[in-house]
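The lines below spell out each chain.
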Amino acid sequence: MSTYYQPRKYPASDFASMQPDAEALPVVVVGAGPVGMAVALGLAQRGIPVTILEAADQVSFGSRAICISRHSLEAAARLGFGAELEKIVLPWVGGRSFYRDQQVLHFRMPQREFDVRPPMINVSQSEYEQIVVDTIEQNPLITLHWQASIAGILRDDDQVTLEVDTAFGKRHLRAAWVVAADGGRSRMRELAGLRLEGTNYEGRYVIADIHWESELPAERMVWFDPPSNPGSTIIMHKQPKNIWRIDYQLDPSEDAEIETREDAIRARITKHLDWLQNDLPWTLEWHGFYCARALALREFTHDRILFAGDAAHLVPIFGVRGLNSGMEDAETLAWQLAAVVHGNADRALLQAYSIERHDAWEQNVANAGKSTLIMSPGTHGYRTTRDAVLALAVNRPEFGELINPRQSSATHARLSPLTWPVAEGLTGVLPGDPVEDRRVRVAAVGGSTESSLNAVRGNGFAVVGFGLDAAGSAALSAAAADLAAALAPESVRAVVVGADSSGADEVTVLDAPDLAEALGAIGGEAFVIRPDGLLLCRVPVGDLSGVAAALRAGTAPEGPAVPARPAQILTEDEQRRENVWLGLSDALDQVDPSDREGFLVRLALQLGSQAGHREFEEAIAAATDTSPVSTRELAPQA
């Protein structure tokens, strides 16, 4: 019996058009996907009524995005639906890649003793969205209208008028702010006359969900050129309730219209499962089609219309950054827009949102783009080097790192106009960096209790002091109270670590002796953590008085810029191999096709003349080893 999730249907919403003299709605969110609903929850937490317009009559059907990162789980907890979500998910920590039928990579994401949540979980987007809808229905500040699609927009200096098609006729709403979170085919983007810019990759993938009661492990499994589908790439992910996602690449010569028919999909999946020696029945539950894209708007803030999620940017699926980056958009936009709506910040703060999240898109593309060049190489040069890397990785595991999927992790905001400067040479977590959630103990009379850093700091700002004396703790408490008054109703919590808190009011004391070292904090410092989990600044306690003014202006104080942060931290050897792969791929694409063999021979002669005789012979032996690969078990391996 299939366990595939079937979302409930909602009746069309009927609501009246607004009268011309009625006050504009504070915020209208267009799109009840994960991002739009997260923005609504974040705004409602800050006391702002929100109206959501959704064109469909249900949450999305099908698994779509299935991989939710640790950082997104933290966001879900802050937004109030994390506990329900975590009841139904399937955690996983790594994956394997195979060339034909030989394992060439086994990667594991960080899972440490202090981590509160797994690095990644799988759950269908449909079930994820339903949990958020159920949460929204319990919130009196959020109104969700189903079967209400945008037909037109009219923009003024102080509001946006929305023409809405409903089952009961056209309706008109006016909003002070509109959040466009209506997906990759955004109607709001179209009506605003905006276009995404960037790269469309050539790779085409069929995606399918099947019900299959297999005992294969819950990990990301990828086969390049598998015997079941020679020349193709196949990805498999296990989901809860014995649902499996299977993605496979189409050859450029194959007709997508034919290959996306159910009979063709069933035949392709059957071949792969038969090769895996499957003797269990399975059913095809859902299927779709995907092309890799790395596209974005130049600006995400357009007067009073603010774009988020896929409406603002698209990233390739490899590394699962779509929904996860959208959740970061939502948390950042919610607290910044709330500050503007409440009159606690200038509109310049929303320009910071655009700058931050566009830079985050670039970070995601830098990693996802490399993964895409492996998963879907679009040129002769990249296809040639990808195949060579896979062949080498069979016996040279160091080359397997080049096919690491670079799974999604929290992006930083070091380039944000909000990010404060730091003294030269400062190490540890720097302004703009994400602050990881960690298990901590909260000190109290009679003993300490277990908690986590995120639970302690709540869903607003936190001012965390390290190694303070009684006077320093009192000063930190007073600064936190002043910041709370300036940002009301945004919550601001005062926390001290390894400090004397006597004389300080409303301060949480952490019994966490390793926290200062983990963050790189110095005694006497205060860390200001933003609601979205990023570090705003780290300053002496006496300098906290300037935080509210900087947020109001949307600009940090002047000073030395925070050092650039690499998109991915690589060892020297890993960086060298990556540079060779990218450089050789580009060179092969630039050389005349008739001279490719000659180019490679000339390159080998030059590089070989710089190596010792033994090293060169070993390199030749490795490059000429074309021995057939042997079958391996797919059960978890050490």
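Look up: the structure comes first, before these words.
In this report, we go over the structure that sits alongside the text. From a predicted model like this one, the values you see are computed outputs, not experimental measurements.

## A short note on the overall build of the chain
Helix and strand counts for the chain come out as 17 helices and 26 strands. Relative to a compact globule of 638 residues, whose C-alpha radius of gyration would be 26 Å, the chain shows 26 Å and is just as compact. With the C-alpha coordinates of the chain rotated into their principal frame, the extents come out at 70 × 65 × 50 Å. Out of the 638 residues belonging to the chain, those deemed buried represent 54%.

## Describing the environment of Tyr290
Along the chain, Tyr290 falls in strand S16 (residues 282-296). A relative accessible area of 16% means that Tyr290 is categorised as buried. Between the C-alpha atoms of Tyr290 and Gly36, which are 254 residues apart in sequence, the distance is 22 Å. When near neighbours in sequence (up to four residues on either side) are disregarded, Tyr290 contacts Gly203, Arg204, Tyr205, Val315, Pro316 and Ile317.

## Looking at the sheet that holds strand S4 (residues 90-92)
Sheet architecture is open: three strands sit in the order S3-S7-S4, paired in antiparallel fashion. Only two strands of the sheet have a single partner each, and these edge strands are strand S3 (67-69) and S4. In this sheet, neighbouring strand axes are inclined to one another by 35 degrees on average, regardless of whether the strands run parallel or antiparallel. The sheet contact formed by S3 and strand S7 (residues 120-122) spans three bridges and is antiparallel.

## Examining the nonpolar core
By size, the foremost hydrophobic cluster in this structure holds 141 residues, and its most contacted members are Ile52 and Phe81. If you look at the next biggest cluster of nonpolar residues, it comprises 21 residues, including Ile210, Trp223, Tyr248 and Ile269.

## Regarding empty space enclosed by the protein
A complete count under the given rule lists seven cavities of 30 Å³ or more for this structure. Of the pockets and cavities examined, the largest cavity occupies roughly 80 Å³. Along the walls of the largest cavity sit Thr3, Tyr4, Tyr5, Gly62, Ser124, Ser126, Glu127, Gln239, Pro240, Lys241 and Ile243, which together make up its complete lining. In the lining of the largest cavity, the residues fall into four nonpolar, five polar and two charged.

## With respect to the pattern of salt bridges
For the coordinates displayed, the defined rule picks out 38 salt bridges. We note a salt bridge from Asp225 to Arg100, for which the minimum N-O separation is 3.1 Å. Remark: Arg100 occurs in the loop between strand S5 (94-99) and strand S6 (102-108) and Asp225 occurs in the loop between strand S13 (220-224) and strand S14 (233-239); sequence separation between them is 125 residues. Overall, Asp225 belongs to the partly exposed group, its relative accessible area being 23%. The class of Arg100 is partly exposed, set by a relative accessible area of 36%.

## A look at the pairing of S16
Counted residue by residue, S16 has 11 buried out of 15 residues, so it is predominantly covered. Of the pairings in the sheet, the one linking strand S12 (residues 197-212) to S16 comprises 13 bridges and is antiparallel in character. Within S16, the position partnered with Ile210 by the bridge is Leu284. In this structure, S16 lies alongside strand S19 (residues 313-314), joined through two bridges in antiparallel fashion. Along S19, the bridge assignment pairs Ala296 with His313.

## Some points on helix H4 (residues 125-137)
Compared with an ideal rise of 1.5 Å per residue, which puts 13 residues at 18 Å, H4 spans 18 Å between its outermost C-alpha atoms and is within 8% of the ideal. Most of H4 is tucked away, with 10 of its 13 residues classed as buried. Within H4 the residues assigned to the buried category are Gln125, Ser126, Glu127, Tyr128, Glu129, Gln130, Ile131, Val132, Val133 and Ile136. In this fold, the buried residues of H4 make contact with helix H1 (34-45), strand S2 (50-53), S3, helix H3 (82-86), strand S8 (142-145) and helix H8 (322-341).

## Re the packing of aromatic side chains
For the structure shown, the criterion picks out 10 aromatic pairs. Ring geometry for Tyr4 and Phe61: centres 5.8 Å apart, planes at 85 degrees, overall edge-to-face. Here Tyr4 is found in the segment before strand S1 (25-30), whereas its partner Phe61 is found in the loop between S2 and S3, with 57 residues between them in sequence. Measuring from ring centre to ring centre gives 6.4 Å for Trp223 and Trp275, while their planes differ by 80 degrees; the resulting arrangement is edge-to-face. Remark: Trp275 occurs in helix H7 (residues 262-275) and Trp223 occurs in strand S13; sequence separation between them is 52 residues. Each residue in the set Phe98, Trp223 and Trp275 is aromatic and connected to the rest through ring pairs, giving one cluster. Over the face of the ring belonging to Trp177 we find Arg304, whose NZ or CZ atom lies 4.5 Å from the ring centre.

## So, the side chain of Arg304
Tracing the backbone through its elements, the reader meets Arg304 in the loop between strand S17 (301-302) and strand S18 (305-307). Buried and without a salt bridge, Arg304 has Asp158 as its closest oppositely charged side chain, separated by 5.9 Å. Engagement of the side chain of Arg304 in a polar contact is seen with the backbone oxygen of Asp157, the distance being 2.9 Å.

## Considering the environment of Ala180
On the secondary structure map, Ala180 appears in strand S11 (residues 169-180). Ala180 sits in the buried class, given a relative accessible area of 0%. Along the chain, Ala180 and Ala308 lie 128 residues apart, while their C-alpha atoms are 6.3 Å from each other. With residues up to four places along the chain from it excluded, the contact list for Ala180 reads Val30, Met188, Ile305, Leu306, Phe307, Ala308 and Ala311.

## Things to note about unusual backbone geometry
The step from Ala488 to Pro489 runs through a cis peptide bond, and the omega angle for that step is 10 degrees. Within the secondary structure, Pro489 sits in the loop between helix H12 (470-487) and strand S23 (492-497). In the Ramachandran plot, Asp225 falls in the positive-phi region, its phi being about 55 degrees despite a non-glycine side chain. With a phi close to 60 degrees, Asn242 is a non-glycine residue in the positive phi region. Relative to the helices and strands, Asn242 resides in the loop between S14 and strand S15 (243-250). The class for Asn242 is partly exposed, based on a relative accessible area of 26%.

## Things to note about the state of the cysteines
Scanning the model with the defined rule gives zero disulfides in all. Free of any disulfide, Cys67 has its nearest neighbouring cysteine sulfur in Cys291, separated by 19 Å.

## A word on the sheet that holds S6
Strand order in the open sheet made by the eight strands is S6-S5-S13-S14-S15-S12-S16-S19, with mixed pairing throughout. One side of each edge strand has no neighbouring strand; the edge strands of this open sheet are S6 and S19.

Thresholds, definitions, all that
- Residues numbered from 1 in each chain as written.
- Predicted model: local features only at pLDDT ≥ 70, side-chain atom pairs only at ≥ 80, totals over all residues.
- Heavy atoms only, no water.
- Helix = DSSP H or I, 4+ residues; strand = E, 2+ residues; numbered from the N terminus.
- Rg over C-alpha atoms; globule rule 2.2 N^0.38 Å.
- Buried < 20%, exposed > 50% of the residue type's maximum accessible area, 1.4 Å probe, protein only.
- Contact = heavy atoms within 4.5 Å.
- Pairing = 2+ DSSP bridges.
- Axes fitted to C-alpha atoms, helices over the stretch in contact; angles between N-to-C directions.
- Core = buried A, V, L, I, M, F, W, Y, C linked by side-chain atoms within 4.5 Å.
- 1 Å grid on protein atoms, 1.4 Å probe; cavity = no way out; pocket = protein on both sides within 12 Å on 5 of 7 lines; lining within 4 Å.
- Points joined across faces, edges and corners; volume = space filled by probe spheres on them.
- Nonpolar A, V, L, I, M, F, W, Y, C, P; charged D, E, K, R; others polar.
- Salt bridge = Lys/Arg side-chain N within 4 Å of Asp/Glu carboxyl O.
- Expected span 1.5 Å × (residues − 1).
- Phe/Tyr/Trp six-rings, centres within 6.5 Å; stacked < 30°, edge-to-face > 60°.
- Lys NZ or Arg CZ within 6 Å of the ring centre and 35° of its normal.
- Lys, Arg positive; Asp, Glu negative; His and termini not counted.
- Polar contact = N/O pair within 3.5 Å; in protein donor to acceptor, adjacent residues only side chain to side chain.
- Disulfide = S-S within 2.5 Å.

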